[in-house]
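What follows is each chain in one-letter form.
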Amino acid sequence: MLALEQYDTVRFRGEDHQVQAIAGSKVILRSLVSGKTLETTVSELLASIRVGGDGPTFAAERILDTLSDEDAKVTRFWYGHVTEIITGRNPNLPDSASPKPDYASDKSLGQRIQAKCIELSRDGIEVSQITMRRKVQALKHYGITGLIDSRKRRTSSETGRVPEEIISVAQELILSQTLSSTRSKSYMVEVIAHEVALRGITAPLPSRATLYRLLGQLGDKRHTFGSAMTRRTTANSKPVGHRPRLARFPGETVEIDSTPLDVMVILPGGEIARAELTAVIDVATRSLCSWVIKQRGTKAVDAVDLLARAMTPLPLLPGADERMALARSILADTIFLADGDPAVDIVAKPVIKPLSITVDHGKVFISDTFLRACSRLNIQVVKASPYTPTDKPHIERSFATINSLFTQCLPGYVGKNPAFKGKDPTTEALLTLDQVRSLFEYWVITVYQNRPHDGLRLPLMPKKRLSPNQMYATLSEVFPQAAVAFTKDDYVGLLPVKYRTIKRDGVMNDGLRYDSPALHPYREMRSGNKLQKGKWEIRYDPYDLTSIWIRVPDKESFIEVKWAYAEYLTTSFSVELLQAAKAILTHREPTQSDFLAVIKQLQNPNQCAEDSKTTTPRNTSKQEARHESHTSIEAAVHTSSESSATLSPTQASDDEGEQTDDVEPYPMVGDQHSWW
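This section reports on the structure supplied with the text.

Some thoughts on the overall build of the protein chain
Piece 1. Looking only at helices and strands, one finds 22 helices and 15 strands in the protein chain.
Piece 2. In the protein chain, which comprises 676 residues, the share counted as buried stands at 45%.
Piece 3. The long-range fraction of contacts in the protein chain, counting pairs at least 24 apart against all pairs at least 6 apart in sequence, stands at 64%.
Piece 4. Counting every atom, the protein chain has about 35,200 Å² of accessible surface; 52% of that belongs to carbon and sulfur.

Topic: the sheet that holds strand 3 (residues 26–31)
Piece 1. The strand order across the open sheet built from four strands is 1-2-3-4, with neighbouring strands paired in antiparallel fashion. At either margin of the open sheet sits one strand with a lone partner, and together these are strand 1 (9–12) and strand 4 (37–41). With strand direction ignored, the average angle separating the axes of adjacent strands in the sheet is 45 degrees.
Piece 2. Summarising the sheet, strand 2 (residues 15–23) and strand 3 pair through six bridges and their orientation is antiparallel. In the strand pairing of strand 3, I22 is matched with V27.

With respect to empty space enclosed by the protein
Piece 1. As enumerated under the stated definition, the model contains two cavities of 30 Å³ or more in all.
Piece 2. Along its surface, the second largest cavity is lined by Y448, R451, P452, H453 and P468.
Piece 3. The class makeup of the residues in the lining of the second largest cavity is three nonpolar, one polar and one charged.

Re the nonpolar core
Piece 1. Core analysis: the largest hydrophobic core is formed by 40 residues, its most contacted members being L277, L288, I293, I402, F440 and W443.
Piece 2. Looking at this core, the elements that each hand over two or more residues are strand 5 (254–266), strand 6 (272–282), strand 7 (288–294), helix 12 (320–329), helix 15 (393–405), helix 16 (433–446) and helix 18 (488–493).
Piece 3. When residues in this core are grouped by element, the largest group, eight residues, is from helix 16.
Piece 4. Leave out the neighbours within four places in its chain, and I402 touches L277, L288, T407, F440 and W443.
Piece 5. With 31 residues, the next largest nonpolar core counts I502, L512, A580 and L602 among its residues.

Here we look at the side chain of T546
Piece 1. Turning to its location among the elements, T546 is positioned in strand 14 (residues 544–552).
Piece 2. Judged by relative accessible area, which is 9%, T546 ranks as buried.
Piece 3. In contact with T546, not counting residues within four places along its chain, are Y514, V561, K562, W563, A566, L569, T571, S572 and F573.

Topic: the sheet that holds strand 7
Piece 1. Reading across the sheet, the five strands line up as 7-6-5-8-9 and stay open at both edges, with mixed pairing between neighbours. Since the sheet does not close on itself, it has two edges, and those belong to strand 7 and strand 9 (380–383), each with one partner. With strand direction ignored, the average angle separating the axes of adjacent strands in the sheet is 30 degrees.
Piece 2. For strand 5 and strand 8 (residues 356–359), the ladder comprises two bridges, and the chain directions are parallel. Note that in strand 8 the partner of V254 across the bridge is I357.
Piece 3. Together, strand 5, strand 6, strand 7 and strand 8 form the strand contacts of helix 11 (residues 300–310), whose direction differs from that of strand 7 by roughly 145 degrees.
Piece 4. Contacts between helix 15 and the sheet are confined to strand 5, strand 6 and strand 7, with strand 5 contributing the most and set at about 25 degrees to the helix.

As for the pairing of strand 9
Piece 1. Where strand 8 meets strand 9, four bridges bridge the pair, whose relative direction is parallel. The residue bridging S356 from the neighbouring strand is Q380, located in strand 9.

A look at helix 17 (residues 468–478)
Piece 1. Buried residues of helix 17: P468, N469, M471 and L475, and no others. Down the axis of helix 17, the sector holding all buried residues measures 160 degrees, keeping them to one side.
Piece 2. Where helix 17 is buried, its residues contact helix 13 (342–348).

Some points on the pattern of salt bridges
Piece 1. For the structure on display, the rule yields 24 salt bridges.
Piece 2. We note a salt bridge from E560 to K562, for which the minimum N-O separation is 3.8 Å.
Piece 3. Exposure remark for K562: the relative accessible area of 38% places this residue in the partly exposed category.

A look at the environment of G493
Piece 1. Looking at where G493 falls in the secondary structure, it is placed in helix 18.
Piece 2. It is 9.4 Å that separates the C-alpha atoms of G493 and A308, two residues lying 185 residues apart in sequence.

Details of the packing of aromatic side chains
Piece 1. Counted by the stated rule, this structure contains 11 aromatic pairs.
Piece 2. Taken together, a centroid distance of 5.4 Å and an interplanar angle of 40 degrees make the contact between F406 and W443 tilted. Of this pair, F406 sits in the loop between helix 15 and helix 16 while W443 sits in helix 16, and the two are 37 residues apart along the sequence.
Piece 3. According to the relative accessible area criterion, F406 is buried, its value standing at 0%.
Piece 4. Assessed through its relative accessible area of 1%, W443 is described here as buried.
Piece 5. The rings of W291, F406, F440, W443 and Y448 are connected pair by pair, giving a single aromatic cluster.
Piece 6. Positioned over the ring face of Y540 is K498, at 4.8 Å from the centre of the ring.

How each quantity is defined
Think of each chain on its own: its residues are numbered from 1, step by step along the sequence as written. Reporting of local features is limited, given that this is a predicted model, to residues whose pLDDT is at least 70; pairs of side-chain atoms are given and counted only at 80 or more, and all residues count toward the totals for whole chains, interfaces and linings. In computing side-chain properties, one takes all heavy atoms of the structure into account and sets aside hydrogens as well as water. Each helix corresponds to a stretch of at least 4 residues labelled H or I by DSSP, and each strand to a stretch of at least 2 residues labelled E; elements are numbered beginning at the N terminus. The cut-offs for exposure are 20% and 50% of the maximum accessible area for each residue type, with area from a 1.4 Å probe on protein chains only; residues under the lower value are buried, those over the upper are exposed, and the others partly exposed. Note on contacts: a residue pair qualifies if any of its non-hydrogen atoms lie within 4.5 Å across the two residues. Using a 1.4 Å probe, accessible areas were evaluated by the Shrake-Rupley method; residue-level cover was limited to the displayed protein chains. Two strands qualify as a pair provided DSSP detects at least 2 bridges between them. Axis angles are defined between N-to-C directions and span 0 to 180 degrees, where every axis is a line fitted to C-alpha atoms and, for a helix, only to the segment in contact. Within this scheme a cavity is a closed region of a 1 Å grid, computed over the protein atoms alone, that accommodates a 1.4 Å probe without allowing it to escape, whereas a pocket is open but has protein on both sides within 12 Å along at least five of seven lines; lining residues each have an atom within 4 Å of a point. Grid points are joined across faces, edges and corners, and a volume is the space filled by probe spheres set on the points. Each residue is assigned to one class: nonpolar for Ala, Val, Leu, Ile, Met, Phe, Trp, Tyr, Cys and Pro, charged for Asp, Glu, Lys and Arg, and polar for all the others, Gly among them. For this analysis, a nonpolar core means a set of buried residues of the types Ala, Val, Leu, Ile, Met, Phe, Trp, Tyr and Cys, connected via side-chain atoms within 4.5 Å. The directions considered for the arc are those from the helix axis to the C-beta atoms. Salt bridge criterion: a side-chain nitrogen from Lys or Arg within 4 Å of a carboxyl oxygen from Asp or Glu. Paired rings are identified among Phe, Tyr and Trp, the last through its six-membered ring, by centres lying within 6.5 Å, and are further divided according to the angle between planes into stacked (under 30 degrees), edge-to-face (over 60) and tilted (the rest). The rule is short: NZ of Lys or CZ of Arg within 6 Å of the ring centre and within 35 degrees of the ring normal puts a charge over the ring.

Fair warning: the whole summary comes from geometry, so function is off the table for now.
This is how it looks when you write it as structure tokens:
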């Protein structure tokens, strides 16, 4: 803000003037060059005034605050005397002091400068007229900053006095190290010396100490001599300011991404490896809408399944109760504490219909299957810039939260990088993939959704942190939305599809026989679908093969059909586990009871491992121990085959008519299929 007062010095119409009087909207100015007076209006003066002329500005006064007390005192001393030469009044003196006649306006500038030098000489300060004239010109052009000792304002270059040719060589070498492994400064000094000699640069090479300082100045901000991962991340970041993406209501913006979990798990085949998590997060509420944990290699059908799960209430998802029961049974093996009642929390989990989804350039998220599913659901796909994780920061940050609050609480935690990894995490009592899936679902519902989040605050209560469930309830009142939750049939309609025949003893799918009394009216009947030669459309959940669903055309709904031996299992099993069971049973024609025995053993590999330890010598290799484990599984299969004849009179027969060529990834692939 500019405050115009009497005796202020302003630049007006190309000359320096002093304000003589202010009367209402009129201003009387006197030229400091010619001594003439003129009258103008305040608005005209303020419109053309040059701020920062002779008088000190606010910014100039702030510069004085950066000086030492002694330097600031000297600067204000010279400002008062030089201003007196120009205007006739010394601002450092009281207003009651009368102007000195030696600096009257009828005196020339040279006479005033001479009088000031004589005055200062009487006070013991010797200064030449040339120096004083230089100070007058500095005050006119730069204000009070022009009177500061230039040595106090001198700034040094970050590269010092190193020749530009040497700096150019160092910068090229630092840029070339972006994607390479981290090397030491001593190595870079030798390379610089070699490059200088190779290019024939005549500039003198600085000392090693100077080159060390130069590399530090140029390389520290690029992390050239630090973490290689941080260096690559810094190089990928955009040179623009961070602008957070705001979401006004649930579902306006969601983000999806995948990451490997930092924990070793037992895969269905018995191997020990890290699983992969793919999750969807809502930006407005920070709610985890849906997720899937599987072996490495998330497919497009898994990403589409996430969209369906996000819009389906959790109690309606197949196997929800069984997964909760499995999670509660193994909570004692974990450290994290779950507050609240799971029965209440599972209902309180938000059901969010995405309007736009931000994806990276992973082949899963830009596949035709995923893009067609988003198009059918009216979801806009926003592609993030390549190698720019800051375009979807919320899902990236949520992965760190999952690592700190969930993953590290599990046995087999390997740390966020090899430097944090233990000697052998695989020796711990590891969990199976299905157990980790159930535990993660339990943790999200009971812990994550109820935990206050630093990024969830209301404008009227900035100090109050809200949980994702609380934020969803608050925004739902402000931005009410129509109910878009999927029913169970809606969700089933998005599952992968196959075509099978319904025989007298049920339906065969992947070697498993499914049967239900609801199939009685349709046994040994054709579906009427000529394109599939009369076979029936079935849907299956890749993560729960205990049931399949058969579409009944006359009712326009699905019939749930259980596996004949599903009642003998305590939890569901996935496609990966079934494939591992088939690999074990390749030496024989497996019956349904054989599958049951192997699946139960694979679901509890720790017990199988304990049994094998009692008969395996200490010097046995891991491969031999795994062979012993498989041998015990096969023995259990043989025992189960002999004793399970009373479980069910139906034994597995050949998969007549089972064709894998009929499998479609999702219903939107063919136009002949309806959406639901």
